[in-house]
Amino acid sequence: MERRILAANWKMNPQSAEEAVELARELDRLLAPLPLTKLLFPPFVFLPLLEVRNLTIGAQNVFWEEKGAYTGEVSPPMLKSVGAEWVLVGHSERRNILGERDEDLKRKAEAALKNGLKVVFCVGEKLKDREAGRHFEVIRKQLEYVPKREGVVIAYEPVWAIGTGKNATPEQIGEMHAFIKEIFNTKVLYGGSVKGHNAKELASTEGVDGFLVGGASLKPSEFYKIGEALAE
Ligand code: 13P
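Below: a short report on this structure. It should be emphasised that the depicted structure is a prediction, and the values quoted were computed from it without experimental measurement. (Residues numbered from 1 in each chain as written. Predicted model: local features only at pLDDT ≥ 70, side-chain atom pairs only at ≥ 80, totals over all residues. Heavy atoms only, no water.)

## Some remarks on the nonpolar core
- Of all hydrophobic cores here, the largest spans 60 residues; its most connected members are F121 and F211.
- The element best represented in this core is helix α1 (residues 17-31), accounting for five residues.
- Those residues in contact with F211, other than ones at most four positions away along the chain, are I5, L6, A7, L189, Y190, V194, A199, L202, A203, I226 and L230.
- Core analysis: the next-biggest nonpolar cluster, separate from the first, contains 12 residues, L39, W86, L88 and L212 among them. (Core = buried A, V, L, I, M, F, W, Y, C linked by side-chain atoms within 4.5 Å. Buried < 20%, exposed > 50% of the residue type's maximum accessible area, 1.4 Å probe, protein only. Helix = DSSP H or I, 4+ residues; strand = E, 2+ residues; numbered from the N terminus. Contact = heavy atoms within 4.5 Å.)

## Points about the packing of aromatic side chains
- Counted by the stated rule, this structure contains four aromatic pairs.
- Measuring from centroid to centroid gives 5.0 Å for F63 and Y70, while their planes differ by 45°, and the two rings are tilted.
- Taking the relative accessible area as the measure of exposure, F63 reaches 10% and is therefore buried.
- The class for Y70 is partly exposed, based on a relative accessible area of 35%.
- Relative to F179, the ring of F136 has its centre 4.9 Å away and its plane inclined at 55°; by these criteria the two rings are tilted. (Phe/Tyr/Trp six-rings, centres within 6.5 Å; stacked < 30°, edge-to-face > 60°.)

## Quick word on the sheet that holds strand β3 (residues 56-59)
- The eight strands are arranged β1-β2-β3-β4-β5-β6-β7-β8 in a closed barrel whose pairing can be described as parallel. Strand-to-strand twist in this sheet, taken as the mean axis angle between neighbours without regard to direction, amounts to 25°.
- The pairing of strand β4 (residues 86-89) with strand β5 (residues 118-123) spans four bridges and is classified as parallel. Residue pairing in the sheet places L88 in a bridge with V120 of β5. (Pairing = 2+ DSSP bridges. Axes fitted to C-alpha atoms, helices over the stretch in contact; angles between N-to-C directions.)

## Topic: the site of the ligand
- As a structural note, the neighbourhood of the ligand is formed by N9, K11, H91, E157, A161, I162, G163, G192, S193, L212, G214 and G215.
- One of the backbone N or O atoms of G163 is found 2.7 Å from an oxygen atom in the ligand.
- For the ligand, an oxygen atom lies 2.8 Å from a polar atom in the backbone of S193.
- For the ligand, whose unbound accessible area comes to 310 Å², protein coverage reaches 97%.
- Within the shell around the ligand, the residues separate by chemical class into three nonpolar, seven polar and two charged. (Near = heavy atom within 4 Å. Polar contact = N/O pair within 3.5 Å; in protein donor to acceptor, adjacent residues only side chain to side chain. Areas by Shrake-Rupley, 256 points an atom, 1.4 Å probe, with all protein chains shown as cover. Nonpolar A, V, L, I, M, F, W, Y, C, P; charged D, E, K, R; others polar.)

## What to know about unusual backbone geometry
- Note that the residue after N13, namely P14, is joined by a cis bond; omega there is -15°.
- Locating P14 in the fold gives a position in the loop between β1 (5-9) and α1.
- The residue K11 is not glycine, and still its phi comes out positive at about 55°.
- If you trace the backbone, K11 turns up in the loop between β1 and α1.
- Relative accessible area serves as the criterion here: at 22%, K11 is assigned to the partly exposed category.

## Overview of the pattern of salt bridges
- One pass over the full model with this rule turns up 14 salt bridges.
- Among the charged side chains, a network of salt bridges with common partners joins R94, E100 and K108. (Salt bridge = Lys/Arg side-chain N within 4 Å of Asp/Glu carboxyl O.)

## Some remarks on the packing of α1 against helix α9 (residues 220-231)
- At a closest axis distance of 10 Å, the pairing of α1 and α9 adopts a crossing angle of 35°. The chirality of how α1 crosses α9 is right-handed. Along the contact surface, α1 presents L23, E26, L27, L30 and L31, while α9 presents P220, S221, F223 and Y224.
- Grouping the amino acids of the contact of α1 with α9 by side-chain chemistry returns seven nonpolar, one polar and one charged. (Left-handed = near helix turned anticlockwise from the far one by under 90°.)

Structure below.
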């Protein structure tokens with residue numbers, strides 16, 4: 001694995017299989033020369049369709065059981081069988097829109113690891129926590145549910161910076177990444193409005209081992225620019 005990680009979280013995009021195949025092909029071609037670990041997290045349904053050689057594929061979610069009567073869920077062995085090597089666990093959209101609880105996330109991460117999948121475990125505080133000065137406390141609590149094992153990396157994604165165009169400052173990122181590494185010494189990615197124009201500054205921030213990118217990962221040339229900043 002290369003030292004730094006560039007991860008694309010497509011979220012619930014794009015809208016068709018044709019577009020997904022085309023976008024993955026373009027990212028695969030553009031990012032090929034960059035000396036980074038390159039991860040792509042598409043929606044489940046696109047996983048078996050994407051033909052990529054330079055990107056490693058992962059899923060945006062996983063269930064904690066391996067099989068059985070769990071309508072609508074997808075298990076770790078199923079993901080492995082379509083080529084996924086990683087999973088995202090605990091994204092704030094799943095915590096806050098789908099109501100996933102810390103205990104659920106722990107079970108998901110453990111099930112993924114048991115089945116040989118690597119995990120990007122997401123943590124992040126809400127704006128009200130940051131404004132009340134509770135951000136370290138919130139992150140410490142979320143980290144209690146993270147298996148502190150090989151195969152787990154953390155993504156620090158402050159909720160107020162996701163999809164808002166408002167990224168955390170290098171100071172805020174630097175101190176939070178250092179705080180996280182004191183609790184669990186692993187790679188820590190930053191996520192939250194990482195764009196072509198701010199990638200250089202964010203990439204040179206102490207303690208940043210990579211990025212988890214949402215919106216800009218759907219735009220090949222902008223995503224390439226972010227990768228270039230990370231690879232420097
Ligand atoms: P944006 O890059 O769109 O802010 O999303 C960040 C994110 O949630 C990645 O998981």
